[in-house]
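# Coordinates in review
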Amino acid sequence: MGFIIVNLLASLVWWGIDLNSISTTNLVVSIGLIIDYSAHIIHFYGTTDSSLSRNERVTLSLEKMGPPVLMGAFTTFVGVIPLSFAGNLIFRTFFMQFSTIVLVGSFHGLVVLPVLLSLIGSKEQIRSEEYDDEDSVPGKRFTNLELVDATF
């Protein structure tokens, strides 16, 4: 996380953006996006079978979560492309920073993080014996909801 923030601060110099209220607000908002790209990979890695090797767990994580994370990064980037044509400095600053956020965040989430997990990732599985019955698994109780007819 710290390395990503350093990359984003360095991108301000590269883009020629001053550190002001606009760029600072964008940096604060960027933390949520940056965490999002990495959190999906980390969560899937942590919930995979601990009998697999680190490399197998990373491979499985990238196979299952890589495409959705990449699609999220792509759609976020496509969403800010129109701002690049704006004449307003605020919108152009937003475009420059968010395109960098998407590129740096997705690179770290899809390349740097998996390499680190394969080298020093935990061998333990997040879900272990602490969930003895199926109903105590987080999220499990909401999977069998019935639809209620709400017509008046």
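The structure under discussion appears in the preceding block.
I will try to describe carefully the structure that is included in this document. (Residues numbered from 1 in each chain as written. Predicted model: local features only at pLDDT ≥ 70, side-chain atom pairs only at ≥ 80, totals over all residues. Heavy atoms only, no water.)

### Details of the environment of Arg92
Let me state the cut-off plainly: A run of H or I in DSSP becomes a helix once it reaches four residues, and a run of E becomes a strand once it reaches two; helices and strands are each numbered from the N terminus. Contact between two residues is taken to exist if any of their heavy atoms lie within 4.5 Å; hydrogens are not considered.
Structurally, Arg92 can be placed in helix α4 (residues 89-120). Placed 10 residues apart in sequence, Arg92 and Pro82 show a C-alpha to C-alpha distance of 9.4 Å. Excluding anything up to four places from it in sequence, Arg92 contacts Leu83, Ser84, Ala86 and Gly87.

### Digging into helix α3 (residues 54-80)
This is how it is decided: In a helix, the anticipated span is given by 1.5 Å times the number of residues less one. Working definition for bend: take the seven residues up to and ending at a residue and the seven starting at it, fit an axis to each, and measure the angle between the axes. The rule is simple: take the accessible area with a 1.4 Å probe, protein chains only, and divide by the maximum for that residue type; under 20% is buried, over 50% is exposed, in between is partly exposed.
Taking 1.5 Å per residue, 27 residues should reach 39 Å; α3 reaches 36 Å between its end C-alpha atoms and fits that length. At Met65, α3 shows its maximal bend, which comes to roughly 50 degrees, and the proline Pro67 appears one to four places after that position. Among the residues making up α3, those that are buried are Arg57, Val58, Ser61, Met65, Gly66, Val69, Ala73 and Val80. Buried residues in α3 make contact with α2 (21-47) and α4.

### A look at the environment of Ser118
To be explicit about the condition: Any pair of N or O atoms that falls within 3.5 Å is considered a polar contact. Within protein, one atom must be able to donate a hydrogen and the other to accept it, and sequence-neighbouring residues count only if both atoms are side-chain atoms.
Note that Ser118 resides in helix α4. As a C-alpha pair, Ser118 and Tyr45 span 73 residues in sequence and 10.0 Å in three-dimensional space. Side-chain polar atoms of Ser118 contact the backbone oxygen of Val115, separated by 2.8 Å.

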